[in-house]
Amino acid sequence: MSPVQQNPLVDIGAANIPLQLAINTAQFGRTFQDRSHTFTVRPRPSGQEKPRIFNLNVRGKRGNIVQVYPAVEYDFIPNDLHLKTSDRVHIQWTGSNTHKNGAPGGDGATGDAGEGTSGTDRHNIVQINNLLENFPVPYENSTMWESAEVVWIYNGLNNISPKNLALNMASSGYYRCFTAAECPGAQHADYIYGSGLGMSSTLGSSPASYEGALLKFKSGTYFYTCTRNNNFTNRSQKGAIYVD
């Protein structure tokens, strides 16, 4: 006989008053939501065994505050990052092409309010002047990428120029270089600016996930946002990096 019984009565020693526990044996052993995930822990790049490495990622899910409950809306994490010039930052994120939030909607409401094709998650990073602004600065006026040394990057282009790094981050990996001469090799041919059908302005054609780059920043303050998900009136997806 199983020790788990339907709505058992327990005696806590208070004048033998029986108290009933709410145990439904038809439900007790079931898994209602499988929230397990698989991830890979990779070794550090050669020569990077000692520096501190901070993971700059994205949290939350697609939708408005009611639809994502009990989770949160998109946000960079950490969105307020303090570093030393000797530290490294691994910028990366994961997305999806199969985000579904149909009926009954779980604890929140159904729907997936957001930009781009329904059911998709996308992110990117562009620099802004400060956290009160929403428009990205032109590359010519930016400081973030000129101040970043690429220690490692997923596509192997460790000597990537600051302008191409900005392009790669802004396009979430859809583009790697402005010209083929800057990205020699057949493996990069489909990722040259102007090739193929062109990138969707809401990043729908960009990879859902971005393996990113390991960067070392010079001293300074850098503010950034995501052009797709930073909704001016409803939700903010911004962050700041402070380097001493």
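Before reading on, note that the structure itself is shown above.
Reading the values: the criteria
Residues numbered from 1 in each chain as written. Predicted model: local features only at pLDDT ≥ 70, side-chain atom pairs only at ≥ 80, totals over all residues. Heavy atoms only, no water. Pairing = 2+ DSSP bridges. Helix = DSSP H or I, 4+ residues; strand = E, 2+ residues; numbered from the N terminus. Axes fitted to C-alpha atoms, helices over the stretch in contact; angles between N-to-C directions. Salt bridge = Lys/Arg side-chain N within 4 Å of Asp/Glu carboxyl O. Buried < 20%, exposed > 50% of the residue type's maximum accessible area, 1.4 Å probe, protein only. Phe/Tyr/Trp six-rings, centres within 6.5 Å; stacked < 30°, edge-to-face > 60°. Lys NZ or Arg CZ within 6 Å of the ring centre and 35° of its normal. Contact = heavy atoms within 4.5 Å. Core = buried A, V, L, I, M, F, W, Y, C linked by side-chain atoms within 4.5 Å.

### So, the sheet that holds strand S5 (residues 80–83)
Pairing is mixed across the open sheet formed by four strands, whose spatial order is S5-S11-S10-S7. The open sheet has two edge strands, S5 and strand S7 (126–128), and neither has a second partner. Along the sheet, successive strands turn relative to each other by an average axial angle of 30°, direction set aside. Sheet analysis places S7 next to strand S10 (residues 220–225), joined by three bridges and oriented antiparallel. Bridge pairing links Gln 127 to Tyr 224 in S10.

### Quick notes on the pattern of salt bridges
Using the criterion set out here, one finds five salt bridges in the structure. As a salt-bridge pair, Glu 211 and Arg 42 come within 2.9 Å of each other at their nearest N and O atoms. Taken as a pair, Glu 211 in strand S9 (residues 210–217) and Arg 42 in the loop between strand S2 (18–20) and strand S3 (53–59) lie far apart in primary sequence, 169 residues in all. What makes Arg 42 exposed here is its relative accessible area of 57%. For the salt bridge of Asp 87 with Arg 52, the shortest nitrogen-to-oxygen distance reads 2.7 Å. Here Asp 87, found in the loop between S5 and strand S6 (88–93), pairs with Arg 52, found in the loop between S2 and S3; they are 35 residues apart in sequence, far enough to count as distant. The class of Arg 52 is partly exposed, set by a relative accessible area of 46%.

### A short note on the packing of aromatic side chains
Applying the stated criterion across every chain, the model contains nine aromatic pairs. Taken together, a centroid distance of 5.4 Å and an interplanar angle of 55° make the contact between Phe 178 and Tyr 193 tilted. With Phe 178 in the loop between helix H2 (162–170) and S9 and Tyr 193 in the loop between H2 and S9, this residue pair connects regions lying 15 residues apart in the sequence. A relative accessible area of 28% places Phe 178 in the partly exposed class. An angle of 35° between the planes, with centres 5.4 Å apart, marks the rings of Phe 217 and Tyr 222 as tilted. Comparing Phe 217 with Tyr 222, the two get one shared label, buried. Stacked on the ring of Phe 178, the Lys or Arg Lys 163 has its end atom at 5.1 Å from the ring centre.

### Re the side chain of Ser 142
Structurally, the position occupied by Ser 142 is in the loop between S7 and strand S8 (148–153). Setting aside anything within four residues of it in sequence, one finds Ser 142 in contact with Gln 127 and Val 137.

### Observations regarding the pairing of S10
Remember that side chains alternate between the two faces of the sheet whenever the strand is regular. Bridging between S10 and strand S11 (residues 238–243) involves six bridges; their strand directions are antiparallel. In the sheet register, Phe 223 faces S11, and the bridge partner there is Ala 240.

### Topic: the nonpolar core
The tendency in soluble globular proteins is for nonpolar side chains to be buried as a group. By size, the foremost hydrophobic cluster in this structure holds 32 residues, and its most contacted members are Leu 165, Leu 215, Phe 217 and Ile 241. Broken down by secondary-structure element, the contributors of at least two residues to this core are S3, S5, S6, S8, H2, S9, S10 and S11. With sequence-adjacent residues up to four places away left out, Leu 215 is seen in contact with Asp 87, Arg 88, Val 89, Ile 91, Trp 145, Ala 148, Glu 149, Val 150, Leu 165 and Met 169.

### Looking at the environment of Ala 213
Relative to the helices and strands, Ala 213 resides in strand S9. For the pair formed by Ala 213 and Pro 70, sequence separation is 143 residues and the distance between their alpha carbons is 31 Å. Not counting chain neighbours up to four residues away, the residues in contact with Ala 213 comprise Val 89, His 90, Ile 91, Trp 152, Ile 153 and Met 169.

### Some remarks on H2
Within H2, the full set of buried residues consists of Asn 164, Leu 165, Ala 166, Leu 167, Asn 168 and Met 169. Taken together, the buried residues of H2 touch S6, S8 and S9. Of the residues one or two after H2, Ser 172 is the one with positive phi, at around 55°.

### A word on unusual backbone geometry
For the bond from Tyr 69 to Pro 70, the omega torsion is 10°, close enough to zero to count as cis. In this structure, Pro 70 sits in the loop between helix H1 (65–68) and strand S4 (75–77). Geometrically, the link from Ile 77 to Pro 78 is a cis peptide bond, its omega value of -5° lying close to zero. With respect to the secondary-structure elements, Pro 78 resides in the loop between S4 and S5. Within the chain, Asn 7 stands out as a residue other than glycine whose phi angle is a positive 40°. Tracing the backbone shows Asn 7 in the segment before strand S1 (9–11).

No statement about biological role is implied by the geometric values presented.
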